[in-house]
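# Structure at a glance
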Amino acid sequence: MKVMNKTATGVWNNCLQVIKDNINQQSYKTWFEPIEAIKLEKNVLTIQVPSQFFYEWLEEHYIHLLKKVIKSELGNAGRLEYSIVMDNNSQANQQPYSIKVPTSNKSDVKNPSVAMPVNINNDNTKEIPNPFVVPGLKKLNVQSQLVDSYSFENFVEGDCNRLARSAGYAVASKPGKTSFNPLLIYSEVGLGKTHLAHAIGLQVKNNYPDKTVLYLSTEQFTQQFIDAVKNNNHNDFVHFYQMIDVLILDDIQFLAGKEKTQDVFFHIFNHLHQNGKQIIITSDKPPVEMKNMEPRLLSRFKWGLAADLQIPDLETRIAILQKRLYNDGIEMPDDVIEHIAYSINSNIRELEGALISIVAQSSLNKREVTLELARQMIDKYVKSNKKEISIDYIQKVISDYFDIPVDKINSKTRKREVVQARQLSMYFSKRFTKSSLSTIGLHCGNKDHATVLHACRTVTNLRETDKQFKEYMDDLEKKIKS
Ligand code: ADP
Ligand code: MG
């Protein structure tokens, strides 16, 4: 029989081919690359996933896709079972339990998950009396160092941060009791790590006012440690940290190369983790890419969940600006907000920086905030930040210029002026961005690279033969570059 000759990896690789074509690349990387196919028996494929959360996420978001691919690989009787990497103590224990993915069309199996039979957390880690706690000193009076405005409420949700945000929220509801321990949030600068880390801390304080939450930067931690060693109170330092319920350490990458500090953090980490306390860390890189970090510490970082923050898309950028303005009680015309969001797509800190400088400029000169003022300010702002021109931005300029909405430019319309606007978007994107032809195609109406190539040729030809068209193009070029 055909099925008999298949291997788990073979079958799963075939499934992956299809999955890859059906979801975006980031999701694929996050949710499917870490999966390992471990067993194929008859028509039951077992895949291993890194955590319970992982399994839940797959089930919630990809169950239909999984059903389809399993059915096409293993037939109607095909089934998928998950094995969840269980243990919080590095030897990855597995406790497989089966979650059946029925491929029959019975509609009564809406939710194929069986009731979770195992608790992934080490519930056998009972509270051990802490020998270090001096009687009468039980209640720690710790300044949490949390910034009130960095709340969940002010943290705008988008595709760019959905996983990290929801994991953070889950952690805040049950600190130390979810499988995301540690929770590691990573991203490039200015994308919200610090904000989200504070939000989790604030939310814990909200939910559990008695819990001791401490936020601090890794530099602060390092400095305290150095002082402790100098002053000969290394033990006090360690004991203090061992009494924290939720420890948030920001920018852990600054531990790189600092062996002694890593060592002390390793011990604090273990103590907290063993006692069911929550650890939240942020970093500019995922654990696999961290350099000059003790392997044993890195392996700890991989125990929980590493979730990244991406650059927000246009809608999210607009929403972030609106939230900020609303909180500050400032009104600003929509077109100005949109223009800022279109123009600045490097990170959120710069987005806010541009907004603040426009507001400041208008109040200093008692000028109203107009699109014109915003353009001038952004020109200056962007130039000083050496911004790269983006496809989004080019489309926006073209859309404004011809007064055709961006949606329409990217639609399937064959109307001449729309086609021309689309082709110009492709042409300028090719010239002014580093994007590949296929990326440009994807952004300009979901076309393939050949269409983009054709557009570039058409535009070049028209430019040489049509005077009016050439004028448009020179105008546009100035606007895009200004
Ligand atoms: P990082 O720590 O990654 O460098 P920050 O947390 O300091 O980034 O974020 C930079 C700025 O962007 C902060 O002012 C923060 O409030 C804001 N910010 C980041 N993400 C969001 C979001 N999702 N919603 C609203 N504001 C955000
Ligand atoms: Mg930060």
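This report concerns the structure included in the present document. Throughout, residues of each chain are indexed from 1 in the direction in which the sequence is written. Key to labels: chains lettered from A, ligands numbered from 1, both in the order written. Where totals are concerned, whole chains, interfaces and linings use all residues; where local detail is concerned, this predicted model gives features only for residues with pLDDT of at least 70, and gives and counts side-chain atom pairs only at 80 or more. Computation of side-chain values: all heavy atoms of the structure, hydrogens and water removed.

## Side note on the nonpolar core
Soluble globular proteins tend to bury their nonpolar side chains together. To keep things clear, this is the line we draw: Buried Ala, Val, Leu, Ile, Met, Phe, Trp, Tyr and Cys residues form a nonpolar core when they are joined through side-chain atoms within 4.5 Å. Throughout this description, buried means an accessible area under 20% of the type-specific maximum (1.4 Å probe, protein chains only), exposed means over 50%, and partly exposed covers the range between. In this text, helices come from DSSP runs of H or I with a minimum length of four residues, and strands from runs of E with a minimum of two, each type numbered from the N-terminal end. Note that domain bounds follow an automatic or database assignment of domains.
By size, the foremost hydrophobic cluster in this structure holds 60 residues, and its most contacted members are Trp12, Ile19, Phe32, Leu45 and Ile200. For this core, the leading source of residues is helix 4 (residues 52-74), giving twelve residues. Each of two domains, domain 1 (8-106) and domain 2 (162-308), supplies a minimum of three residues to this core. Grouped together as the second largest cluster of nonpolar side chains are 30 residues, Leu184, Ala228, Ile279 and Met293 included.

## Description of the layout of surface pockets
We apply this condition: Points on a 1 Å grid over protein atoms alone make up a cavity when a 1.4 Å probe fits among them but cannot get out, and a pocket when they form an open set with protein on both sides within 12 Å along at least five of seven lines; lining residues each have an atom within 4 Å of a point. Grid points are joined across faces, edges and corners, and a volume is the space filled by probe spheres set on the points. Three categories are distinguished: nonpolar for Ala, Val, Leu, Ile, Met, Phe, Trp, Tyr, Cys and Pro, charged for Asp, Glu, Lys and Arg, and polar for the others, with Gly belonging to the last.
Here the largest pocket is characterised by a volume of approximately 1800 Å³. Lining of the largest pocket is provided by 47 residues; of these, Gln310, Ile311, Pro312, Asp313 and His443 occupy positions nearest its centre. Sorting the residues of the lining of the largest pocket by element identifies helix 3 (25-32), helix 4, helix 5 (162-173), helix 11 (314-328), helix 12 (334-343), helix 15 (391-402), helix 16 (406-409) and helix 18 (437-443) as the ones contributing at least two each. No other element matches helix 3, which puts six residues into the lining of the largest pocket. Of the residues belonging to the lining of the largest pocket, the class tally is 15 nonpolar, 17 polar and 15 charged.

## Remarks on unusual backbone geometry
Of note, the amide linkage connecting asparagine 181 to proline 182 takes the cis form, showing an omega dihedral of 5°. Within the fold, proline 182 resides in the loop between helix 5 and strand 5 (183-186). Despite not being glycine, aspartate 403 shows a phi value in the positive range, around 55°. Among the secondary structure elements, aspartate 403 is positioned in the loop between helix 15 and helix 16.

## Focus: the side chain of threonine 433
Here is the rule: Here a polar contact means two N or O atoms within 3.5 Å. Within protein one must be a hydrogen donor candidate and the other an acceptor candidate, and residues neighboring in sequence count only if both atoms are side-chain atoms. Pairs of residues are marked as contacts when any of their non-hydrogen atoms sit within 4.5 Å.
With respect to the helices and strands, the residue threonine 433 is situated in the loop between helix 17 (416-432) and helix 18. A relative accessible area of 10% means that threonine 433 is categorised as buried. Engagement of the side chain of threonine 433 in a polar contact is seen with the backbone oxygen of serine 429, the distance being 2.6 Å. Those residues in contact with threonine 433 that lie beyond four places of it in its chain are Ile389, Ser390, Ile391, Ile394, Phe428 and Ile440.

## Quick look at the site of ligand 1
Worth spelling out the cut-off: What makes a residue near a molecule or strand is one non-hydrogen atom of that residue sitting within 4 Å of it. Each accessible area is a Shrake-Rupley estimate made with a 1.4 Å probe; only the visible protein chains count as cover when residues are assessed.
Near ligand 1 lie 18 residues; those nearest to it are Val156, Gly190, Thr194, His195 and Glu352. Between an oxygen atom of ligand 1 and a main-chain N or O atom of glycine 192, the distance comes to 3.0 Å. Arginine 349 places a polar side-chain atom, nitrogen or oxygen, 2.9 Å from an oxygen atom of ligand 1. Contact with the protein chains removes 92% of the 560 Å² of surface that ligand 1 exposes when unbound. Secondary-structure elements contributing two or more residues to the shell around ligand 1 are helix 6 (193-207) and helix 13 (348-364). The class makeup of the residues in the shell around ligand 1 is seven nonpolar, seven polar and four charged.

## Concerning the pairing of strand 2 (residues 44-49)
Successive residues of a regular strand alternate their side chains across the two faces of the sheet. For clarity, the threshold we go by: Strand pairing follows a simple DSSP-based rule, namely that at least 2 bridges must link the two strands.
Taking burial as the measure, the six residues of strand 2 include six buried ones, the bulk of the element. Side chains Val44, Thr46 and Gln48 of strand 2 all project onto a buried face; the interleaved residues Leu45, Ile47 and Val49 project onto the opposite face, where all are buried too. Summarising the sheet, strand 1 (residues 36-41) and strand 2 pair through five bridges and their orientation is antiparallel. Opposite glutamate 41, over in strand 2, you have valine 44 as the bridge partner. Alignment of strand 2 against strand 3 (residues 79-85), held across six bridges, turns out to be parallel. Within the sheet, the bridge partner assigned to valine 49 lies in strand 3 and is isoleucine 84.

## A look at the sheet that holds strand 5
Sheet strands pair by backbone hydrogen bonding; their relative direction is either parallel or antiparallel. Note the threshold: Angles here are taken between N-to-C directions and fall from 0 to 180 degrees, while the axes themselves are lines fitted to C-alpha atoms, restricted in helices to the stretch in contact.
The strand order across the open sheet built from five strands is 6-7-8-5-9, with neighbouring strands paired in parallel fashion. Strand pairing shows two members of the sheet lacking a second neighbour, strand 6 (213-217) and strand 9 (305-308), which therefore form its edges. Mean inter-strand twist for the sheet, computed between neighbouring axes without regard to direction, equals 15°.

## Comments concerning the environment of lysine 211
Summarising the element assignment, lysine 211 is placed in the loop between helix 6 and strand 6. You can call lysine 211 partly exposed: its relative accessible area is 26%. On a C-alpha basis, the gap between lysine 211 and aspartate 245 in space is 5.9 Å, while along the polypeptide they are 34 residues apart. Once residues within four sequence positions are removed from consideration, lysine 211 is found in contact with Pro175, Val204, Lys205 and Asp245.

## As for the pattern of salt bridges
Our working rule: For salt bridges, the criterion is a side-chain nitrogen of Lys or Arg within 4 Å of an Asp or Glu carboxyl oxygen.
Enumeration according to the criterion identifies 17 salt bridges in this entry. Across the pair aspartate 400 and arginine 375 runs a salt bridge whose closest N-O atoms are separated by 3.6 Å. Residue aspartate 400 is located in helix 15, and its partner arginine 375 is located in helix 14 (residues 371-384); the two are separated by 25 residues in the primary sequence. When its relative accessible area of 30% is taken as the criterion, arginine 375 is described as partly exposed. The network of salt bridges with shared partners includes Glu157, Asp159, Arg162 and Arg165.

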